[in-house]
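What the coordinates show
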Amino acid sequence: MRILAAMSGGVDSAVAAARAVEAGHDVVGVHLALSRAGGTLRTGSRGCCTIEDAMDARRAADRLGIPFYVWDFSERFRDDVIEDFVAEYRAGRTPNPCMRCNEKIKFAALLERALELGFDAVCTGHYATLVATPDGPELHRASDQAKDQSYVLGVLTADQLAHTYFPLGATPSKALVRAEAAERGLTVAQKPDSHDICFIPDGDTRGWLAERVGAERGEILDRSGAVVGTHEGAHAFTVGQRRGLSIGVPAADGKPRFVLEVRPVSNTVVVGPKDALATAEISGERFTWAGRAPASAAFACDVQIRAHADPVPARAELAGGTLTVRPESPFDGVAPGQTAVLYDGTRVLGQFTIDRTVSAAPVPA
RNA sequence: UCCGCCGUGGUGUAAUGGCAGCACGACAGCCUUUGGAGCUGUGAGGUCUAGGUUCGAAUCCUGGCGGCGGAG
């Protein structure tokens, strides 16, 4: 097959490309330039789109003896990922930009261009596995549960999965990938894992948002509506958050307070006890299926609410264009804007963006 | 004016004669390709003030200052 290997400049995508070559495919490496602003050059290997990273990717491609190109997707990245990110925070929601990037850039813009150029598939260093079936590929969790990235790939559709290649998914651990990188003479073998949001140079998400969303002082309320403090911009908060409230005065019960709600219109943040985060139901209209759609409108599944949450057993129901999920036991702190990924065991069924939540805790007197 | 109660880190409290403890908040680290959560750790008060009793005072006594409640 003709494979286009997306190379971020990190260990994983370099080893993935190497395995694609070794498997006998005709591989071309490409690095995505996602930002053209000089100021976003991140040192310390924190991102996936710095000039350093592009150089690392090129060195890896050279080592593998494959052609290498840099494609500029910065405009689409700005429009589809960064602007969406800002708009969501303006609306008091908590977006997941990595999922938008997978949905719109890596497995959309990049994949489309690859297909146009005659490639059969795009290869990435994601930790997830594809299982071939007569109905097309299924997306499953990776063998290394600690590194599993199937959650952020939950946005992929059947068409996208049909042209996708994840060589690392069956590897038992990341340590083996690093060891393999070292054996293959790849200079990125010991490069630190990337984390945080790649387009925020110093990792200061609040500061970055303050410049774009606009930071305006507002009130922090408790559930009775009493003012318990002030904040310097509602964008700095997300449902379930505990730190950074700086209220100074303890709650009456002396227990920690968590953000229960962010109200962008009034620029207020509502706080309360941990119990009040319990969520009995989530729903949304923006959903996709990773492969074939479910056979019936109501079905059992496991639902994962955040990238680092444990999946919980639940019932899903599709009615009138709305997907609703009710967990067997309540979710703990669900932020609208986040993505719920539905699993059947290790298989990803699909995902939706959480638009509404229903509390499991009665509002106190 | 009188009577009563009270004054301890940023906040709320514990210790009623013997090393000033706990919680919340703050900060740091770990974890993590989203935001959070979670875990670990750290700093900060000689106890409103001036005297007194005592080997020893947050604690007992006296005055002052401040707060709360009651009594026309």
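Refer to the structure presented above.
Residues numbered from 1 in each chain as written. Chains lettered and ligands numbered in written order. Predicted model: local features only at pLDDT ≥ 70, side-chain atom pairs only at ≥ 80, totals over all residues. Heavy atoms only, no water.

Things to note about the overall build of chain A
How we decide: Every helix listed is a DSSP run of H or I at least four residues long, and every strand listed is a run of E at least two residues long, numbered separately from the N terminus. To get the radius of gyration, use the C-alpha atoms; to get the globule rule, take the number of residues to the power 0.38 and multiply by 2.2 Å. Only protein chains enter the accessibility calculation, which uses a 1.4 Å probe; a residue is then buried when its area is under 20% of its type maximum, exposed when over 50%, and partly exposed in between. Any pair of residues with heavy atoms lying within 4.5 Å of one another is described as a contacting pair. In these tables, accessible area is a Shrake-Rupley quantity obtained with a 1.4 Å probe, and a residue counts as shielded only by the protein chains included in the view. Positive: Lys, Arg. Negative: Asp, Glu. His and the chain ends are not part of the count. The location of each charge is read from NZ of Lys, CZ of Arg, CG of Asp or CD of Glu.
On a plain count of helices and strands, chain A comes out with seven helices and 20 strands. Expected size for 365 residues packed as a compact globule is a radius of gyration near 21 Å; at 22 Å, chain A falls within 12% of this value. Its C-alpha atoms give chain A principal-axis dimensions of about 70 × 50 × 35 Å. Burial statistics for chain A: of 365 residues in total, 52% are counted as buried. Taking all contacts inside chain A whose residues are at least 6 apart in sequence as the whole, residues at least 24 apart take part in 66%. Counting only carbon and sulfur atoms, one obtains 51% of the accessible surface of chain A, whose full area is about 16500 Å². Averaging the coordinates of the 39 positive side-chain charges in chain A and doing the same for the 46 negative ones gives two points 3 Å apart.

Quick word on the environment of leucine 349
Here leucine 349 is to be found in strand β19 (residues 347-353). On a C-alpha basis, the gap between leucine 349 and glycine 291 in space is 7.3 Å, while along the polypeptide they are 58 residues apart. Non-local contacts of leucine 349, meaning those with residues more than four positions away in its chain, are made with Thr288, Trp289, Ala290, Phe299, Cys301, Leu342, Tyr343 and Asp344.

Examining the sheet that holds strand β8 (residues 218-221)
The line we're drawing: Each pair of strands is called paired provided DSSP finds at least two bridges between the two strands. Simply put, an axis is a line fit to the C-alpha atoms, just over the touching stretch for a helix, and the angle between two N-to-C directions goes from 0 to 180 degrees.
An order of β9-β8-β11-β10 is seen for the four strands of this open sheet, with the pairing classed as mixed. Strand pairing shows two members of the sheet lacking a second neighbour, β9 (227-231) and β10 (258-263), which therefore form its edges. Neighbour to neighbour, the strand axes of the sheet diverge by 30 degrees on average, direction disregarded. Across four bridges, β8 lies against β9 in antiparallel orientation. Among the inter-strand pairings, leucine 221 is bridged to a residue of β9, identified as valine 227.

Some points on the nonpolar core
Among soluble globular proteins, nonpolar side chains are generally buried collectively. Basically, it comes down to this: Throughout, nonpolar core names a set of buried Ala, Val, Leu, Ile, Met, Phe, Trp, Tyr and Cys residues whose side chains join them through atoms within 4.5 Å.
Within the largest apolar cluster, 28 residues are counted, with the highest numbers of intra-cluster contacts made by Leu4, Phe77, Leu110 and Phe199. Listed by contribution, the elements that provide at least two residues to this core are β1 (2-6), β2 (26-33), α3 (74-90), α4 (97-116) and α7 (205-214). Val11, Val15, Cys123 and Leu186 belong to the second-largest nonpolar core, a separate cluster that totals 27 residues.

With respect to the protein's contact with RNA strand B
The line we're drawing: It suffices for a single heavy atom of a residue to lie within 4 Å of a molecule or strand for the residue to be listed as near it. For this analysis, a polar contact is any N or O atom pair within 3.5 Å, provided that within protein one partner can donate a hydrogen and the other can accept it, and provided that sequence-adjacent residues contribute only side-chain to side-chain pairs.
Close to RNA strand B lie 35 residues; Gln149, Gly254, Arg306, Ala307 and His308 are nearest. Counting only the atoms of RNA strand B that lie within 4 Å of the protein, the sugar and phosphate share comes to 62%. One of the side-chain N or O atoms of lysine 147 is found 3.3 Å from a phosphate oxygen in RNA strand B. At 2.9 Å from a phosphate oxygen of RNA strand B is found a side-chain nitrogen or oxygen belonging to arginine 242.

Looking at the pattern of salt bridges
Formally: Within this document, salt bridges are pairs made up of a side-chain nitrogen of Lys or Arg and a carboxyl oxygen of Asp or Glu, the two lying within 4 Å of each other.
Inspection of every chain in the model, using the stated rule, returns 27 salt bridges. Arginine 184 serves as the salt-bridge partner of glutamate 22, at 3.2 Å between the closest nitrogen and oxygen. Of this pair, glutamate 22 sits in helix α1 (residues 11-22) while arginine 184 sits in the loop between α6 (174-183) and α7; the two residues are 162 residues apart in sequence, bridging distant segments of the chain. According to the relative accessible area criterion, arginine 184 is partly exposed, its value standing at 21%. Between aspartate 355 and arginine 93 there is a salt bridge, and its shortest N-O distance comes to 3.0 Å. Here the residue aspartate 355 occupies a position in the loop between β19 and β20 (356-359), and arginine 93 occupies one in the loop between α3 and α4, the gap between them amounting to 262 residues. A single salt-bridge network, built from bridges that share partners, covers Asp12, Lys147, Lys174, Arg178 and Asp193.

Considerations on the packing of aromatic side chains
Applied cut-off: Any Phe, Tyr or Trp ring, taking Trp's six-membered ring, that has another such ring centre within 6.5 Å forms a pair; planes under 30 degrees apart are called stacked, those over 60 apart edge-to-face, and the others tilted. Criterion for a charge above a ring: Arg CZ or Lys NZ at most 6 Å from the ring centre, at most 35 degrees from the ring normal.
A complete count under the given rule lists nine aromatic pairs for this structure. Taken together, a centroid distance of 6.2 Å and an interplanar angle of 65 degrees make the contact between tryptophan 289 and phenylalanine 299 edge-to-face. Taken as a pair, tryptophan 289 in strand β13 (residues 287-289) and phenylalanine 299 in strand β14 (residues 298-304) lie far apart in primary sequence, ten residues in all. Assessed through its relative accessible area of 13%, tryptophan 289 is described here as buried. Residue classification places phenylalanine 299 among the buried residues on the basis of a relative accessible area of 10%. Of the aromatic side chains, those joined through ring pairs into one cluster are Phe77, Phe85, Tyr89, Phe199 and Trp208. Above the ring of tryptophan 208, the side-chain terminus of arginine 212 is found at 4.0 Å from the ring centroid.

Overview of the pairing of strand β6 (residues 138-141)
Summarising the sheet, strand β5 (residues 128-131) and β6 pair through four bridges and their orientation is antiparallel. Pairing of leucine 130 across the sheet is with leucine 139, part of β6. From the end of β5 to the start of β6, which pair antiparallel, there are six residues, and glycine 136 there has a positive phi angle of about 110 degrees.

Digging into the packing of α3 against α7
Applied cut-off: The labels follow the angle: roughly parallel below 35 degrees, roughly antiparallel above 145, roughly perpendicular from 65 to 115, and oblique for the rest.
In the contact formed by α3 and α7, the axes pass within 10 Å of each other and the chain directions differ by 85 degrees. Put simply, α3 runs roughly perpendicular to α7. Across the interface between the two elements, Ile82, Phe85, Val86, Tyr89 and Arg90 of α3 pack against Thr205, Trp208, Leu209, Arg212 and Val213 of α7.

Comments concerning the environment of isoleucine 282
Relative to the helices and strands, isoleucine 282 is located in strand β12 (residues 278-284). We classify isoleucine 282 as buried; its relative accessible area is 0%. Each C-alpha atom, one on isoleucine 282 and one on valine 325, is 5.4 Å from the other, the two residues being 43 residues apart in sequence. For isoleucine 282, the residues in contact, after removing those within four places along its chain, are Ile305, Leu323, Thr324, Val325, Phe331, Val334, Ala340, Phe352, Ile354, Arg356 and Thr357.

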